[in-house]
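Now for the letters of each chain:
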2 protein chains.
Amino acid sequence: MLTKKIVKYIQSLSQKKLRDKEDAFIAEGPKVVEEFLLSGVFDCKIICADPAWLLTNDQLLKKSFGEIYESDEDSLKKISLLKTANKVVGVFNKREVKNDLLFDNKITLLLDDISDPGNMGSIIRIADWFAVANIVCSDNCVDCYNPKVVQATMGSLGRVNIIYTDIKVFLLNQRSINVYAATLSGTKLAKVGTVKEGFILIGNESRGISEELLSLSKNHITIPRYGNAESLNAAVATGIILSHVTADLS
Amino acid sequence: MLTKKIVKYIQSLSQKKLRDKEDAFIAEGPKVVEEFLLSGVFDCKIICADPAWLLTNDQLLKKSFGEIYESDEDSLKKISLLKTANKVVGVFNKREVKNDLLFDNKITLLLDDISDPGNMGSIIRIADWFAVANIVCSDNCVDCYNPKVVQATMGSLGRVNIIYTDIKVFLLNQRSINVYAATLSGTKLAKVGTVKEGFILIGNESRGISEELLSLSKNHITIPRYGNAESLNAAVATGIILSHVTADLS
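Residues numbered from 1 in each chain as written. Chains lettered and ligands numbered in written order. Predicted model: local features only at pLDDT ≥ 70, side-chain atom pairs only at ≥ 80, totals over all residues. Heavy atoms only, no water.

Enquirer: Before we go on, may I ask you to explain the overall build of chain A in this structure?
Expert: Per the secondary structure count, chain A includes 11 helices and 10 strands. For 250 residues, the compact-globule formula gives about 18 Å, and the C-alpha radius of gyration of chain A, at 20 Å, lands near that figure. Dimensions of chain A, computed from the C-alpha atoms along their principal axes, are close to 60 × 40 × 40 Å. Every one of the 250 residues in chain A was classed for burial, and the buried ones make up 55%. Pairs at least 24 apart in sequence give 75% of the contacts found in chain A among residues at least 6 apart. (Helix = DSSP H or I, 4+ residues; strand = E, 2+ residues; numbered from the N terminus. Rg over C-alpha atoms; globule rule 2.2 N^0.38 Å. Buried < 20%, exposed > 50% of the residue type's maximum accessible area, 1.4 Å probe, protein only. Contact = heavy atoms within 4.5 Å.)

Spelled out as structure tokens, the structure:
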């Protein structure tokens, strides 16, 4: 039975501080939970679901060593962070952060203070689409285990390595790899060729990229604007740039 | 003073039925409201704002013939549809739908049942960035005056013509213009050249483009996937395609 204690524990994981302490996070909804269970990337700690979902996913749950709680609509509503509660909520252990990532011969995304969870989730999903294996986030980026981020990644969270660090220090240690900073006044994208190795640097939604990081970026690239919108959404810009620099012209 | 009647009226505009009846919609937040007042594209009916916002925007309000209500935090909370109430909420009249739009010599977006308000708003903003003047939506697309859409357009709503119609009938009347349908198994984007005139057709977030419309599309185009994400967000895909087909290579 889903006790008050467990409900309280799950609710507590909406806070980063407690996610860090517990090394755990929440995933909601059939799509994301099923994908996580199937891939086995994240160890499952708890599954709370309605009877119908538990029945349908019987086989999948045999793979999991988590506690399973059959839950009614009211309980699911209590633990859900979404407006419309889902059929299933899972608690998973975070992945171990890999410290031996290599950045040569590949494209890596660098995110400077991306603050919107929807954008962060979208960017992780886009990285997964274009086979970008690693994302390096500045320490002020929104937590990739924030429930809204997890939701927006649509399962891609398990397929991309994400590290949080001081990007300036990081770049100073990676001087041999070119940085391509997305700015409003750089080389227009059509003039930038295919990139086989490089860091694509995306800035904060309102402030853009910090001066400090811009000065470490050899290439400034721009998505030309023909109309009047003030800006493009950070995730959309990431998608456009990745699509262009990964284009296989053969 | 902000009477109960007015609060009720504003709240009612969260429903499409009543927006249609009143020919009016809600815009929230300084950015969007100020942009609408400044551009004058939408006639302003009502402004509810805190004293500080009213003072700062004194000049801007002289342009408006709407009713102005100084509102405290509690009242703003009542009429706001956002979790965190804004300093200002405006009610504007919808624009007249232009029936004499021309589609030759330009790129036009066709949206087949886009249902997520965030996506619709993003797509309108992207269209504005790439100077796409017209968006043709299927009748089942989310209403462009839905408050969440208005919010996500960041002011671009006033700069793009949006019409709702039966896209099949529409296309049968526009046979001379090429259709480029975004699918998962078409010509890869890098092989598609610059497009000076054409319809870019984007499908529903989960179902994609209907068979009926696909059969009317001469060109099927695809954003190549190198990784494992199941799909790209509809707005991100729109941005990638528009960036590619509008690329000025000179």
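Enquirer: Honestly, the sheet that holds strand S1 (residues 24-28) of chain A in this entry has me stumped. Any pointers?
Expert: Strand-to-strand pairing in sheets goes through backbone hydrogen bonds, with the strands running parallel or antiparallel. Residues and elements named next belong to chain A. Taken in spatial order, the four strands make up an open sheet running S1-S4-S2-S3, and their pairing is mixed. Here the strands that pair on one side only, and so sit at the sheet edges, are S1 and strand S3 (67-70). This sheet shows a mean twist of 15 degrees between the axes of neighbouring strands, independent of strand direction. By the bridge criterion, four bridges tie strand S2 (residues 44-49) to S3 in an arrangement that is parallel. Within the sheet, the bridge partner assigned to Ile 47 lies in S3 and is Ile 68. (Pairing = 2+ DSSP bridges. Axes fitted to C-alpha atoms, helices over the stretch in contact; angles between N-to-C directions.)

Enquirer: Would you mind going over the sheet that holds strand S2 (residues 44-49) of chain B with me for this structure?
Expert: Residues and elements named next belong to chain B. Read from one edge of the open sheet, four strands run S1-S4-S2-S3, paired in mixed fashion. Pairing within the sheet leaves two strands with one partner each, and these edge strands are strand S1 (24-28) and strand S3 (67-70). Across the sheet, the mean angle separating the axes of adjacent strands is 15 degrees when strand polarity is ignored. Seen against the sheet, helix H1 (residues 4-12) touches S1, S2, S3 and strand S4 (88-93) and runs at an angle of roughly 110 degrees to S2.

Enquirer: Explain the interface of chain B and chain A here, please?
Expert: The accessible area lost on association of the parts is a frequent measure of interface size. Every contact between the two is made by 38 residues of chain B and, on the other side, 37 residues of chain A. Of the roughly 3200 Å² buried between chain B and chain A on both sides combined, carbon and sulfur atoms contribute 58%. Of all residues in chain B, Arg125(B), Trp129(B) and Tyr226(B) bury the most surface against chain A, accounting for 24% of the area lost on that side. At the junction of chain B and chain A, the tally comes to 16 residue pairs in polar contact (both at pLDDT 80 or more). If you list the elements that add at least two residues to the side of chain B that touches chain A, you get helix H3 (30-39), helix H7 (117-129), strand S8 (179-188) and helix H11 (234-245) of chain B. Residue contributions to the side of chain B that touches chain A peak at five residues, all from H11(B). (Buried area = accessible area lost by both parts, 1.4 Å probe. Polar contact = N/O pair within 3.5 Å; in protein donor to acceptor, adjacent residues only side chain to side chain.)

Enquirer: Is there a simple way to explain the relation of the copies chain B and chain A in this structure?
Expert: Each of the two chain copies goes to the other by way of a rotation about an axis and a shift along it. Once chain B has been moved 0.0 Å along the axis and rotated by 180 degrees, it coincides with chain A to within an RMSD of 0.0 Å. The superposition of one copy onto the other is thereby described by a two-fold rotation axis. A share of 97% of the interface residues of chain B reappears at the interface of chain A, consistent with the copies meeting face to face through the same patch. (Least-squares fit on C-alpha atoms with pLDDT ≥ 70 in both.)

Enquirer: Is there a simple way to explain the nonpolar core in this structure?
Expert: Counting residues in each nonpolar core, the largest one holds 114 residues, and the members touching the most others are Ile47(A), Ile135(A), Leu157(A), Ile47(B), Ile135(B) and Leu157(B). When near neighbours in sequence (up to four residues on either side) are disregarded, Leu157(B) contacts Phe25(B), Phe36(B), Phe42(B), Arg95(B), Ile124(B), Cys144(B), Tyr145(B), Val150(B) and Ile162(B). (Core = buried A, V, L, I, M, F, W, Y, C linked by side-chain atoms within 4.5 Å.)

Enquirer: What is the right way to read unusual backbone geometry from this model?
Expert: Most peptide bonds adopt trans geometry, and most residues besides glycine take a negative phi value. Residues and elements named next belong to chain B. Phi at Asp 23 takes a positive value of approximately 55 degrees, unusual for a residue other than glycine. Its place among the elements puts Asp 23 in the loop between helix H2 (16-22) and S1. The exposure class assigned to Asp 23 is partly exposed, which follows from its relative accessible area of 38%. One non-glycine residue, Met 154, lies in the positive phi region at around 55 degrees. Relative to the assigned elements, Met 154 resides in the loop between helix H8 (147-153) and strand S7 (161-165). When its relative accessible area of 33% is taken as the criterion, Met 154 is described as partly exposed.

Enquirer: What's the story with the pattern of salt bridges in this structure? I'm lost.
Expert: Proximity of charged atoms lets side chains of opposite charge pair with each other. Considering all chains together, one arrives at 20 salt bridges over all chains under this definition. Glu212(B) is paired through a salt bridge with Lys168(B); the nearest N and O atoms lie 3.2 Å apart. In this pair, Glu212(B) is assigned in helix H10 (residues 211-214) and Lys168(B) in helix H9 (residues 167-172), connecting sequence segments 44 residues apart. Looking at Glu212(B), the relative accessible area reads 44%, which means it is partly exposed. We classify Lys168(B) as partly exposed; its relative accessible area is 32%. The network of salt bridges with shared partners includes Lys31(A), Glu35(A), Asp128(A), Arg159(A) and Glu230(B). (Salt bridge = Lys/Arg side-chain N within 4 Å of Asp/Glu carboxyl O.)

Enquirer: What am I meant to see in the packing of aromatic side chains here?
Expert: What characterises a pair of aromatic rings is the spacing of the ring centres plus the angle enclosed by the ring planes. Taken as a whole, this structure holds 20 aromatic pairs over all chains when the rule is applied. Relative to Tyr145(A), the ring of Phe42(A) lies with its centre 6.3 Å away and its plane at 85 degrees, an arrangement referred to as edge-to-face. Of this pair, Phe42(A) sits in the loop between helix H3 (30-39) and S2 while Tyr145(A) sits in the loop between strand S6 (134-138) and helix H8 (147-153), and the two are 103 residues apart along the sequence. By relative accessible area, Tyr145(A) is classed as buried at 11%. Taken together, the ring pairs connect Phe25(A), Phe36(A), Phe42(A), Phe92(A) and Tyr145(A) into an aromatic cluster. Lying over the aromatic face of Trp129(B), Arg225(A) brings its terminal NZ or CZ to 5.5 Å of the ring centre. (Phe/Tyr/Trp six-rings, centres within 6.5 Å; stacked < 30°, edge-to-face > 60°. Lys NZ or Arg CZ within 6 Å of the ring centre and 35° of its normal.)

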